[in-house]
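Commentary on secondary and tertiary structure
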Amino acid sequence: MNIIKANSIDELNKKAATLIGGQILEKPDSVLGFATGSSPLGTYDQLIRMYSSGALDFSQVTTFNLDEYIGLGKGHPQSYHHFMEEHLFSRVNIVPENTNIPSGVAADERAECERYEEAIAAAGGVDLQLLGLGRNGHIGFNEPDRVFAKQTSVVKLTESTIEANTRFFESREEVPQEAISMGIGTIMRARKILLIAYGEDKKEAVEKLLYGEITPEMPASILQLHPNVTVIYAD
Ligand code: F6R
């Protein structure tokens, strides 16, 4: 594991964006895995800056997002489709057809999970997967469990995750209870992984991810077994 302690959130954002930008420069048609939530916002801002200054070109990049809430369509302001459009896709020259996010409103959710997994494989797999970290150690929406999920599936969000995500909704009742998420297996199949985390409420999870026991009760701990992981964290 490549472990980097950043001195500030700004430094964390710049380091993370540099790694993603470097991946695109090295392989312009990279397949990137993206995350939503608060953690990657500053990193996406840095990527947009790099694009605006002419340093980066997203025209050949393909993306796969980690997850989407079940029940929220593309147009819903809290959907992850909307998030990615607002915070990254509409601000760089990525080709919309090359961006992939599971559908939260598919008639057959299980078929959607299979379709998504096949689409990742058909694209040649993910070159670099960006991850945030849940307070309870989740990655994607893989919540603490008795086993590690092998592939993209329908998941039930835990109370702690619903509570953490209430800040994005008008009320707790509006937070969806289920999501479609890449599995731990899907994430581990990425050739490189970059996890970013900062803040007091992530400290314990970061500690366990880096040095704790590898257990599905702490989903991110499995990253200790991945051959090419970078963790950038800040207080
Ligand atoms: C988002 C995702 C989640 C978040 C995690 C941290 O696509 O899959 O695992 O990365 O919940 O969220 P923030 O960054 O909002 O603290």
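Residues numbered from 1 in each chain as written. Predicted model: local features only at pLDDT ≥ 70, side-chain atom pairs only at ≥ 80, totals over all residues. Heavy atoms only, no water.

**Some remarks on the site of the ligand**
- The environment of the ligand is formed by 14 residues, the closest being Ser39, Asp67, His138, Gly140 and Lys202.
- A distance of 2.5 Å separates an oxygen atom of the ligand from a polar atom in the side chain of Ser39.
- The separation between an oxygen atom of the ligand and a polar side-chain atom of His138 is 2.7 Å.
- In the complex, 93% of the free accessible area of the ligand, which totals 410 Å², lies under the protein chains.
- Among the residues making up the shell around the ligand, the classes are represented as three nonpolar, eight polar and three charged. (Near = heavy atom within 4 Å. Polar contact = N/O pair within 3.5 Å; in protein donor to acceptor, adjacent residues only side chain to side chain. Areas by Shrake-Rupley, 256 points an atom, 1.4 Å probe, with all protein chains shown as cover. Nonpolar A, V, L, I, M, F, W, Y, C, P; charged D, E, K, R; others polar.)

**Thoughts on the sheet that holds strand β6 (residues 128–131)**
- Strand order in this open sheet of seven strands is β1-β10-β9-β6-β2-β3-β5, and the pairing throughout is parallel. Of all the strands in the sheet, the pair left with one neighbour each is β1 (2–5) and β5 (99–100).
- Sitting on the sheet, helix α7 (residues 203–211) is in contact with β1, β9 (192–198) and β10 (229–234), with an inclination near 155 degrees to β10. (Pairing = 2+ DSSP bridges. Helix = DSSP H or I, 4+ residues; strand = E, 2+ residues; numbered from the N terminus. Contact = heavy atoms within 4.5 Å. Axes fitted to C-alpha atoms, helices over the stretch in contact; angles between N-to-C directions.)

**Section: the confidence of the model for the chain**
- Chain-level statistics for the chain give a pLDDT mean of 97 and a share of 100% at 70 or above.
- For the chain, helix α5 (residues 159–165) is the element with the lowest average pLDDT, namely 91, and β6 is the one with the highest, namely 99. (pLDDT = per-residue confidence, 0-100.)

**Some remarks on helix α2 (residues 41–52)**
- Helix length check: α2 (12 residues) gives 16 Å between terminal C-alpha atoms against 16 Å at 1.5 Å per residue, within 8%.
- Buried residues of α2: Gly42, Thr43, Tyr44, Gln46, Leu47 and Ile48, and no others.
- Where α2 is buried, its residues meet α1 (9–26), β2 (31–34), α3 (80–87), β6 and β9.
- Residue Gly54 follows α2 closely and has a positive phi angle near 90 degrees. (Expected span 1.5 Å × (residues − 1). Buried < 20%, exposed > 50% of the residue type's maximum accessible area, 1.4 Å probe, protein only.)

**Comments concerning the nonpolar core**
- Leu131, Leu133, Ile139, Leu195, Leu209 and Leu223 are the most contacted members of the largest nonpolar core, which has 28 residues in total.
- Taken together, the elements giving at least two residues each to this core come down to α4 (109–122), α6 (184–188), β9, α7 and β10.
- The element best represented in this core is α7, accounting for four residues.
- Other than its neighbours up to four places away in sequence, Leu131 contacts Ala35, Leu66, Ile139, Ile187, Ile193, Leu194, Leu195, Ile196 and Leu223. (Core = buried A, V, L, I, M, F, W, Y, C linked by side-chain atoms within 4.5 Å.)

**Observations regarding the packing of α1 against α2**
- Following both chains from N to C, one finds α1 and α2 inclined at 55 degrees, their axes separated by 8 Å at the closest point. In this view, α1 runs oblique relative to α2, as classed from their interaxial angle. Helix-helix and strand crossings are classified by hand; for α1 and α2 the assignment is right-handed. Touching Asp10, Asn13, Lys14, Ala16, Ala17, Thr18, Ile20 and Gly21 of α1 are Gly42, Thr43, Gln46, Leu47 and Met50, all from α2. (Parallel < 35°, antiparallel > 145°, perpendicular 65-115°, else oblique. Left-handed = near helix turned anticlockwise from the far one by under 90°.)

**A few points about the environment of Leu223**
- For Leu223, the position within the fold is in the loop between α7 and β10.
- Judged by relative accessible area, which is 0%, Leu223 ranks as buried.
- C-alpha separation for the pair Leu223 and Met1, spaced 222 residues apart in sequence, amounts to 8.3 Å.
- Beyond its immediate stretch of four places on either side in the chain, Leu223 contacts Met1, Leu131, Ile139, Met188, Ile193, Leu195, Leu209 and Val229.

**Observations concerning the packing of aromatic side chains**
- Applying the stated criterion across every chain yields a total of seven aromatic pairs.
- Centroid distance Phe64 to Tyr116: 5.7 Å. Interplanar angle 75 degrees. Geometry classified as edge-to-face. Taken together, the residues span a long stretch of sequence, with Phe64 in strand β3 (residues 62–65) and Tyr116 in helix α4 at a distance of 52 residues. Each member of the pair, Phe64 together with Tyr116, is buried.
- An aromatic cluster is defined as three or more aromatic residues linked by ring pairs; in this entry it consists of Tyr69, Tyr80, Phe141 and Phe169. (Phe/Tyr/Trp six-rings, centres within 6.5 Å; stacked < 30°, edge-to-face > 60°.)

**Here's the deal with α3**
- For α3, the set of buried residues is Tyr80, His81, Phe83 and Met84. When α3 is viewed along its axis, its buried side chains cluster within an angular range of 165 degrees and face the same direction.
- Its buried side turned inward, α3 meets β2, α2, β3, β4 (67–69) and α5. (Arc of directions from axis to C-beta.)

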